[in-house]
Every structure is written in C-alpha cells, then in structure tokens.
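# Remarks on the overall topology
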Amino acid sequence: MTEKLKRPARRRIGFVATFALVLVTGYSLLWESSPDYDTIRRRRTSRATFYAKLLARNTGDVMEPLKESDTPVYWHIPKSSGTSMKRYYGCMGLVLASEAGIINGHDKDETIQVWQRKFPESKLVNVDTSTREGIDRAKRLGLVESGYADVIFSP
C-alpha cells in the first residue's frame, strides 16, 4: 500500500517540477527578447503623432461652421445601424456613395455619375467606398470634387 502512495506522489512532484522549468524558461526567453518600456512608448507616441497629423489634414473641425464643399463621411461599423442609416438617407432623397453604387454594372462606368436604384429606392454615385480599390477609383473619378454625394459611407 505504501508503494502505491509513493508512486502518485512522485508523479505529481515530477509534473510540478517540469511545469516550473517550462514556465521559468519561457518567461526568461520572453523577458530577454521583449523591447524595453521606452522603446514601446516611443513607437506608440510616433504612431499616435502620425495618426493625429493624418486626421488633422483630412478631417474638418466640428466646431467650425459647415461649408458648401463639406461632405459627411459615415463610418459604417457592422451591426451599428449603418444599413438603416443608408435606407433613411436614401428615403430622404439624398445621394449616397457606398458599396451599392457599383451594382448593375456601374463599376465599369468611365465617368462619375448618379443613378437611381429602384428597390430600395435611393440615388447612388457609381463608386464603391467599401474597399481600398473602390476608394482609389472614387478618388480617381473625383467623387468629393464632383459634389454629387450628399453622404459617403465607408467601413
């Protein structure tokens, strides 16, 4: 009976010792290979500065009065009523720029134009603002400069 008690106890001790060895080795490898705090802080600060400058160049101040040339961009986050907002603005008769703009072969159009969709009824610009390629095409065609879109939807 004492033999049976000793064997499981030895197994537990061996398991705990092996686990501790793996834990200490892994921790020391991670500690040695990770950058120091100052390096991480500098990376985050430089990245934050970059994005702050990018936003300042490409967005407007909400405290300034609206200009005729301003175009609102709706950041469509999935499951946050973006589709409902598209239908609402479409029902109001506003011209939308979204992924629906290229259906019915409008992705082949050479110039920027507005077309009428039957169901759900809405006016759309013939660009897709949901993909990088579509945004590049919209820029090339002059979406913002044309003034056609009342609201631009983009994820």
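Quick summary incoming for the structure in this document.

## As for the packing of aromatic side chains
What describes a pair of aromatic rings is the distance from one ring centre to the other and the angle between the planes of the rings. Counted under the stated rule, the structure contains three aromatic pairs. Measuring from centroid to centroid gives 4.9 Å for Y74 and F153, while their planes differ by 40°, and the two rings are tilted. On the criterion of sequence distance, the pair formed by Y74 in strand β1 (residues 73-75) and F153 in strand β5 (residues 151-154) is long-range, its members being 79 residues apart. On the accessibility criterion, F153 (1% relative accessible area) is buried. Centre to centre, the rings of Y88 and Y89 are 5.7 Å apart; their planes meet at 55°, and the pair counts as tilted. Feature note: the residues Y74, Y88, Y89 and F153 constitute an aromatic cluster, connected by ring pairs.

## Digging into the pattern of salt bridges
Scanning the entire structure with this criterion turns up two salt bridges. For E99, the salt bridge is made with K86, and the minimal N-O distance between the two is 2.8 Å. Of the two residues, E99 is situated in the loop between β2 (95-97) and β3 (114-117) and K86 in helix α3 (residues 82-91); the sequence distance between them amounts to 13 residues. A relative accessible area of 36% places E99 in the partly exposed class. Classification of K86 as buried rests on a relative accessible area of 12%. A salt bridge links D107 to K108, with the nearest nitrogen and oxygen atoms 3.3 Å apart. Exposure remark for D107: the relative accessible area of 33% places this residue in the partly exposed category.

## Details of the sheet that holds β1
Note: strands within a sheet are paired through backbone hydrogen bonds, in either parallel or antiparallel orientation. Spatially, β1-β5-β2-β4-β3 is the arrangement adopted by the five strands of the open sheet, whose pairing is mixed. Pairing within the sheet leaves two strands with one partner each, and these edge strands are β1 and β3. Adjacent strand axes in the sheet meet at a mean angle of 35° when their direction is disregarded. Sheet topology note: the β1/β5 ladder contains three bridges and is parallel. Each residue of the ladder has a partner; that of W75, found in β5, is S154. Contacting β1, β2, β4 (122-125) and β5, α3 runs over the sheet at an angle of about 160° to β5.

Procedures and definitions
- Residues numbered from 1 in each chain as written.
- Predicted model: local features only at pLDDT ≥ 70, side-chain atom pairs only at ≥ 80, totals over all residues.
- Heavy atoms only, no water.
- Phe/Tyr/Trp six-rings, centres within 6.5 Å; stacked < 30°, edge-to-face > 60°.
- Helix = DSSP H or I, 4+ residues; strand = E, 2+ residues; numbered from the N terminus.
- Buried < 20%, exposed > 50% of the residue type's maximum accessible area, 1.4 Å probe, protein only.
- Salt bridge = Lys/Arg side-chain N within 4 Å of Asp/Glu carboxyl O.
- Pairing = 2+ DSSP bridges.
- Axes fitted to C-alpha atoms, helices over the stretch in contact; angles between N-to-C directions.
- Contact = heavy atoms within 4.5 Å.

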